[in-house]
Amino acid sequence: MKAMILAAGLGSRLKPWTDQHPKALMPVNGKPLLQRNIEYLQTFGIKDVIVNVHHFADQIIKAIDDNLGWGSIVSVSDETDIVLETGGGLMNAHWYFDDEDFVLMNADILTDMDLLAMRDYHHRHRPLATLAVTNRDSSRYLLFDAKNTLCGWRNEKTGEEKYAGNRPVFTQKAFSGIHIINPSIFSHITQRGKFSMVDVYLDLAGKHAIAGFDHSGFRFIDVGKPESVVKAGELFD
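Residues numbered from 1 in each chain as written. Predicted model: local features only at pLDDT ≥ 70, side-chain atom pairs only at ≥ 80, totals over all residues. Heavy atoms only, no water.

**A short note on the overall build of the protein chain**
The secondary structure content of the protein chain amounts to six helices and 14 strands. Whereas a compact globule of 237 residues would reach a radius of gyration of roughly 18 Å, the protein chain reaches 17 Å, a difference of no more than 12%. Across the 237 residues of the protein chain, 52% fall into the buried class. Across the protein chain, contacts joining residues at least 24 apart in sequence account for 73% of those joining residues at least 6 apart. With 25 positive and 30 negative side-chain charges, the protein chain shows a separation of 4 Å between the mean positions of the two kinds. (Helix = DSSP H or I, 4+ residues; strand = E, 2+ residues; numbered from the N terminus. Rg over C-alpha atoms; globule rule 2.2 N^0.38 Å. Buried < 20%, exposed > 50% of the residue type's maximum accessible area, 1.4 Å probe, protein only. Contact = heavy atoms within 4.5 Å. Lys, Arg positive; Asp, Glu negative; His and termini not counted. Charge placed at Lys NZ, Arg CZ, Asp CG, Glu CD.)

**Digging into the packing of aromatic side chains**
Counted according to the given criterion, the structure contains eight aromatic pairs. Ring geometry for Phe102 and Phe186: centres 5.8 Å apart, planes at 5°, overall stacked. Of the two residues, Phe102 sits in strand 6 (residues 102-106) while Phe186 sits in the loop between strand 12 (171-181) and helix 5 (197-204), which places them 84 residues apart along the sequence. Three or more aromatic residues link up through ring pairs in this structure, and these residues are Trp95, Tyr96, Phe97, Phe102 and Phe186. The aromatic ring of Tyr96 is capped on one face by Lys2, whose charged end is 4.4 Å from the ring centroid. (Phe/Tyr/Trp six-rings, centres within 6.5 Å; stacked < 30°, edge-to-face > 60°. Lys NZ or Arg CZ within 6 Å of the ring centre and 35° of its normal.)

**Some thoughts on unusual backbone geometry**
Following Lys15, the chain continues to Pro16 via a peptide bond in cis, the omega torsion being 10°. The phi dihedral of Asn29 is positive, around 50°, even though this residue is not glycine.

**What to know about the pairing of strand 12**
Burial within strand 12 is extensive, with eight of its 11 residues counted as buried. Where strand 6 lies against strand 12, four bridges are found, and the strand directions are antiparallel. Across the sheet, the residue bridging to Leu104 is His179, located in strand 12. Looking at chain direction, strand 8 (residues 129-134) and strand 12 are connected through five bridges and run antiparallel. (Pairing = 2+ DSSP bridges.)

Written as structure tokens, this is what we have:
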């Protein structure tokens, strides 16, 4: 099983650190987020990883090279010309993946979620993609129907909503930024350039199952703001 870590973002919420560094190298207890997530994947036997880069790309590439990939075989997907967001970033690196399901995850999250349990859930239900979610409070939610398949999206701050087909009875969950994806998805993605994977899922959800895997109870934090770095240090040694 291979994985991609999304590390190209500008990290504007982590200023002033990101005025001089990429968010993926933000240290938590002295260890960069990127290293922590590469080592997290290793605990589940995943050592083939590709990382996309844009903001201070040279620093990320140097850290990977200097540390020999922290024990993994780490490739780089170059987005230095333009940051492509989650969907565009994945499409730009589609050449890396084979015919096996793969993991896609954000560089700026930390969790001890059981990735093997998520993989087993994905294999049992065979959706096009499985998304890690929890019951935590969030400003944006994914919406799931009674069969635990994606049916919409909601922004609590703006009131904006998107639905895949008719609006059903739904449960809202907060997305954790971890996906397990069947590589056949590449033949269904019509967007090009810069776009979001959530938009892809909403476009495809009418005809293809996109499942939710609830990992509430495991540790999780979005290390998106300076104050969350302190909290992350309390949660993860």
